[in-house]
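Given next are the chains, with one letter for each unit.
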Protein chains: 2
Amino acid sequence: MPRKPKERASRAATLHDVAAQVGVSAITVSRALNTPERVSEAVRERILAAVDALGYVPNRSARTLVSSRSQTVVVLIPSLSNTVFIDTLAGINDVLDPHHYQILIGNTGYDDAREERLLRTYLSHAPDGILLTGLRQSDGMRTWLDKLHIPVVHMMGLDPQAQRYCVGFSQQAAGAALTQHLLQRGYRNVAFFGARLDERVMQRAAGYRQALQEAGIYREDLEWLTPEHSGIGLGASMIAKALQQRPEIDAVFCCNDDLALGVLTYCQRNGIAVPQRLAVAGFNDLDGAAWATPTLTTIRTPRYDIGHAAASMLLDLMSGNTPAEPMQDLSFTLQAREST
Amino acid sequence: MPRKPKERASRAATLHDVAAQVGVSAITVSRALNTPERVSEAVRERILAAVDALGYVPNRSARTLVSSRSQTVVVLIPSLSNTVFIDTLAGINDVLDPHHYQILIGNTGYDDAREERLLRTYLSHAPDGILLTGLRQSDGMRTWLDKLHIPVVHMMGLDPQAQRYCVGFSQQAAGAALTQHLLQRGYRNVAFFGARLDERVMQRAAGYRQALQEAGIYREDLEWLTPEHSGIGLGASMIAKALQQRPEIDAVFCCNDDLALGVLTYCQRNGIAVPQRLAVAGFNDLDGAAWATPTLTTIRTPRYDIGHAAASMLLDLMSGNTPAEPMQDLSFTLQAREST
DNA sequence: TTGTACGCGTTATCAA
DNA sequence: TTGATAACGCGTACAA
């Protein structure tokens, strides 16, 4: 049955509206917009004029429905207020934007249940690909993902079994490297401050333990772990408590720079000499680390590159290719500064 | 003609697949998921089991297409690495999430052309509502928006003509208030540091000028404006240059806290006494302001509340209601601390 | 409570 | 270069 145009109050213009105005068929308008070279220049110009005049905007839902390609990538990250993931997003965007992929950002809030809920919701957009943070997704998520045959790349960490596509670096190796640096500098009572205790923090803690155990001086009672959200204030209160409970500590490995900046502030306000009385190290090398007083020793993480490489790998997978290397280790750099 | 199911390799499960498995019609499955109370419990349970077994995920495109409601809201912000907008997003999310609206985040990068491009792209999702940052959208954007009859709420600033829906506070009044605070403290040669020079920064500058002009001591040559991106490093280099060019300045109004923290760092490293030799003030009251040495005087901005209120207003508009108050002034607070 | 018929706006396919 | 036709997967309207 031929289409009979409905007389609704004022709906958005469609391809048919543009086609009617120009006096061509809808498919010609579609081609004028998507494959302009396949439409004569005269017609094309009249079509583009009509598109402007009517304020026509293509309807992505219709396109997705019929072409079964959404040109959409879902990215799940734990937090929007953490520079690390924003930098990663920038890398992702720089790769996908030129290819006209839309990015749907999901903020999991470091919450596994929420991550699973978000994923299910976002799957309804029929994304062409998915980028996930970390590798500790629940079995439920794995099941959904396996059924849908949508390419997935994991960011930040590495898969010990190398069974999934992933781009990142060894958080544990980085934790060990930073701890060894402290040991080399002569510190013996090295504390570890961990907040939020997500996958990556716990891997850094594992690296810390490993290095101290190898040196034969690991002590469980020099670890302060809290599920609280990280922040400068938290770092300040943690060092206050730690110095009271274990005054012998002479160095602190903070699981991120925010905590470390809090420790530095506390030391400055309380006349604790850094790095003489206490060495302080952070993780990530945020903007503030190089500007702190004293400047902060930390681990520089390749987060922009991780986003960039993960998106590139995903692009490859979405084109039906198999990446040569399913696991990319982008490594890290020890940034030694005044605080140690 | 009745639908004939295609035999494709392995597509995602559809309502029909679930229906076939259970032995009911597709519409019954649809009802079981959307209005469960209208389906008998026995059938519903079998349907839910089949949904799980098949890994069925509803197709949003199809739903949007047929119902002409996308349950989607587009939010355009200038930057993801600025805490201000992340906090705003949190407020938006807390309102829209419970109503099952999806948020599409567009990052304009403080670029008007990019904002317009992004908007056009995102309009293809047929959003039910739009949240924009600021009020300086191009004429092109206004035209598109007017044609589509999609509710729009502007965030952060206020419309002088009160012709558009907006939630924010007067950036100019805040700039004036902070400047008056410096004058009250006895500072006379008050400099202004502006970076990136977006709409809001220029309004703060206008407030700064207004206050100094009212005091009869405005000097054009104490303004340092740069289109560069803001940052701690930039603040440090700006104060270095300013002190060299105009050694008489005794206070600095930085257009945001990042610049101000850079100024503080520079002063600390160069033995410049704050606030005795130089007063320093920022804008926004970020986490670091209260932890700086000395603590930083700044303007606390209600950014979470702005997001919350803007989303609430949009929700109202999307339901077809007309908000009682089209313009909400959420005001600001002067946070006086040690640096002044 | 359940089902049938139809169309949402677009593109793939095939034909002219 | 252009067009006719048929889907894509779902919800609305109506019927049983």
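Conventions we followed
- Residues numbered from 1 in each chain as written.
- Chains lettered and ligands numbered in written order.
- Predicted model: local features only at pLDDT ≥ 70, side-chain atom pairs only at ≥ 80, totals over all residues.
- Heavy atoms only, no water.
- Pairing = 2+ DSSP bridges.
- Helix = DSSP H or I, 4+ residues; strand = E, 2+ residues; numbered from the N terminus.
- Axes fitted to C-alpha atoms, helices over the stretch in contact; angles between N-to-C directions.
- Buried < 20%, exposed > 50% of the residue type's maximum accessible area, 1.4 Å probe, protein only.
- Contact = heavy atoms within 4.5 Å.
- Patch = residues over 30% accessible without salt bridge, like charges linked within 9 Å, V, L, I, M, F, W, Y side chains within 5 Å.
- Areas by Shrake-Rupley, 256 points an atom, 1.4 Å probe, with all protein chains shown as cover.
- Salt bridge = Lys/Arg side-chain N within 4 Å of Asp/Glu carboxyl O.
- Buried area = accessible area lost by both parts, 1.4 Å probe.
- Polar contact = N/O pair within 3.5 Å; in protein donor to acceptor, adjacent residues only side chain to side chain.
- Least-squares fit on C-alpha atoms with pLDDT ≥ 70 in both.
- Near = heavy atom within 4 Å.
- Right-handed = clockwise from strand over helix to strand, strands pointing away.
- Nonpolar A, V, L, I, M, F, W, Y, C, P; charged D, E, K, R; others polar.

- In the annotation of an unreviewed UniProt entry, chain A is listed under the name HTH-type transcriptional regulator GntR and assigned to Amantichitinum ursilacus.

### Thoughts on the sheet that holds strand S3 (residues 129–133) of chain B
Residue and element names in this part refer to chain B.
Working step 1: Ordered in space as S2-S1-S3-S4-S5-S11, the six strands form an open sheet in which the pairing is parallel. In the strand order of this sheet, the two ends are held by strand S2 (102–107) and strand S11 (327–329), each with one partner. Across the sheet, the mean angle from the axis of one strand to that of its neighbour is 15 degrees, orientation sign disregarded.
Working step 2: Here three bridges tie strand S4 (residues 152–156) to strand S5 (residues 166–168), and the two strands are oriented parallel to one another. Within S5, the position partnered with Met 156 by the bridge is Gly 168.

### Some points on the environment of Gly 307 of chain A
All names here are of chain A.
Working step 1: Mapped onto the fold, Gly 307 is located in helix H12 (residues 303–318).
Working step 2: In this structure Gly 307 comes out as buried when scored by relative accessible area, which is 0%.
Working step 3: When neighbours within four sequence positions are excluded, Gly 307 is seen to be in contact with Thr 88, Gly 91 and Ile 92.

### Considerations on a nonpolar patch on the surface
Working step 1: On the surface, Leu 65 and Val 66 of chain A together with Leu 65 of chain B cluster together to form a nonpolar patch covering roughly 270 Å² of accessible area.
Working step 2: For Leu 65 of chain B, the position within the fold is in helix H4 (residues 60–67).
Working step 3: A relative accessible area of 38% means that Leu 65 of chain B is categorised as partly exposed.

### A word on the interface of chain B and chain A
Working step 1: Each partner contributes residues to the interface: chain B has 51 residues there, and chain A has 51 residues.
Working step 2: Between chain B and chain A lies a buried interface of about 4100 Å² when both sides are counted; carbon and sulfur atoms form 57% of it.
Working step 3: Taken together, chain B and chain A are joined by two salt bridges.
Working step 4: Between Asp 97 of chain A and Arg 114 of chain B there is a salt bridge, and its shortest N-O distance comes to 3.9 Å.
Working step 5: Counting across the interface, chain B meets chain A through 14 residue pairs in polar contact (both at pLDDT 80 or more).
Working step 6: Counting residues per element, the ones that place at least two in the side of chain B that touches chain A are helix H3 (41–54), H4, helix H5 (83–96), S2, helix H6 (112–123), helix H7 (139–148), helix H10 (232–245) and helix H11 (257–269) of chain B.

### A word on the sheet that holds strand S6 (residues 190–195) of chain A
Residues and elements named next belong to chain A.
Working step 1: Strand order in the open sheet formed by four strands is S7-S6-S8-S9, and the pairing between neighbours is parallel. The open sheet is flanked by strand S7 (223–226) and strand S9 (279–281), the only strands paired with a single partner. When the angles between neighbouring strand axes are averaged without regard to direction, this sheet yields 15 degrees.
Working step 2: When S6 meets S7, the two strands line up parallel, connected through four bridges. Note that in S7 the partner of Phe 192 across the bridge is Glu 223.
Working step 3: Contacts from helix H8 (residues 171–184) reach S6, strand S8 (251–254) and S9, with the element oriented near 165 degrees to S8.
Working step 4: Contacting S6, S8 and S9, helix H11 (residues 257–269) runs over the sheet at an angle of about 155 degrees to S9.

### Describing the relation of the copies chain B and chain A
Working step 1: Screw-axis analysis of chain B against chain A gives a translation of 0.0 Å along the axis, an RMSD of 0.1 Å, and a rotation angle of 180 degrees. Viewed as a symmetry operation, the transformation between the two copies matches a two-fold axis. Relative to the rotation axis, the C-alpha of Ser 61 of chain B is the closest in chain B, positioned 2.1 Å from it.
Working step 2: Taken together, the interface assignments show that 100% of the residues at the interface of chain B recur at the interface of chain A, consistent with an identical surface on both copies.

### Observations concerning the protein's contact with DNA strand C
Working step 1: Close to DNA strand C lie 27 residues, the nearest being Leu 15, Ser 30 and Tyr 56 of chain A together with Thr 28 and Arg 31 of chain B.
Working step 2: What you see for DNA strand C is that sugar and phosphate hold 62% of its atoms within 4 Å of the protein.
Working step 3: Sorting the residues of the surface near DNA strand C by element identifies helix H1 (15–22), helix H2 (26–34) and helix H4 (60–67) of chain A together with helix H2 (26–34) and H4 of chain B as the ones contributing at least two each.

### Describing the pairing of S4 of chain B
Residues and elements named next belong to chain B.
Working step 1: Most of S4 sits inside the fold, with five of its five residues counted as buried.
Working step 2: Judged from the four bridges that link them, S3 and S4 form a sheet pairing that is parallel. Its bridge partner being in S4, Thr 133 is matched across the sheet by Met 155.
Working step 3: Viewed along the sheet, the connection from S3 through H7 into S4 turns out right-handed.

### Considering the protein's contact with DNA strand D
Working step 1: What surrounds DNA strand D is a group of 26 residues, the closest being Thr 28 and Arg 31 of chain A together with Leu 15, Ser 30 and Tyr 56 of chain B.
Working step 2: At the protein interface, 62% of the atoms of DNA strand D within 4 Å belong to sugar or phosphate.
Working step 3: In this structure, Asn 34 of chain B approaches DNA strand D through a side-chain N or O atom, which is 3.1 Å from a phosphate oxygen.
Working step 4: Within the backbone of Ala 62 of chain B, one N or O atom sits 3.3 Å away from a base nitrogen of DNA strand D.
Working step 5: Secondary structure elements with two or more residues in the surface near DNA strand D: H2 and H4 of chain A together with H2 and H4 of chain B.
Working step 6: For the surface near DNA strand D, a count of residues per class yields 12 nonpolar, seven polar and seven charged.

### Concerning the pairing of strand S6 (residues 190–195) of chain B
Residue and element names in this part refer to chain B.
Working step 1: Counting buried residues along S6, six of its six residues qualify, which places the element largely inside the surrounding structure.
Working step 2: Residues Val 190, Phe 192 and Gly 194 point to one face of S6 and Ala 191, Phe 193 and Ala 195 to the other, with burial holding for every one of them.
Working step 3: Alignment of S6 against strand S8 (residues 251–254), held across four bridges, turns out to be parallel. Its bridge partner being in S8, Ala 191 is matched across the sheet by Val 252.
Working step 4: Between the parallel elements S6 and strand S7 (residues 223–226), the chain passes through helix H9 (residues 199–214) in a crossover that is right-handed.

### Regarding the pattern of salt bridges
Residues and elements named next belong to chain A.
Working step 1: Counted by the stated rule, this structure contains 20 salt bridges over all chains.
Working step 2: As a salt-bridge pair, Arg 164 and Asp 159 come within 3.5 Å of each other at their nearest N and O atoms.
Working step 3: On the basis of relative accessibility, which here comes to 17%, the residue Arg 164 falls in the buried class.
Working step 4: Overall, Asp 159 belongs to the buried group, its relative accessible area being 3%.
Working step 5: Where salt bridges share partners, they join Arg 219, Asp 221, Arg 246 and Glu 248 into one cluster.

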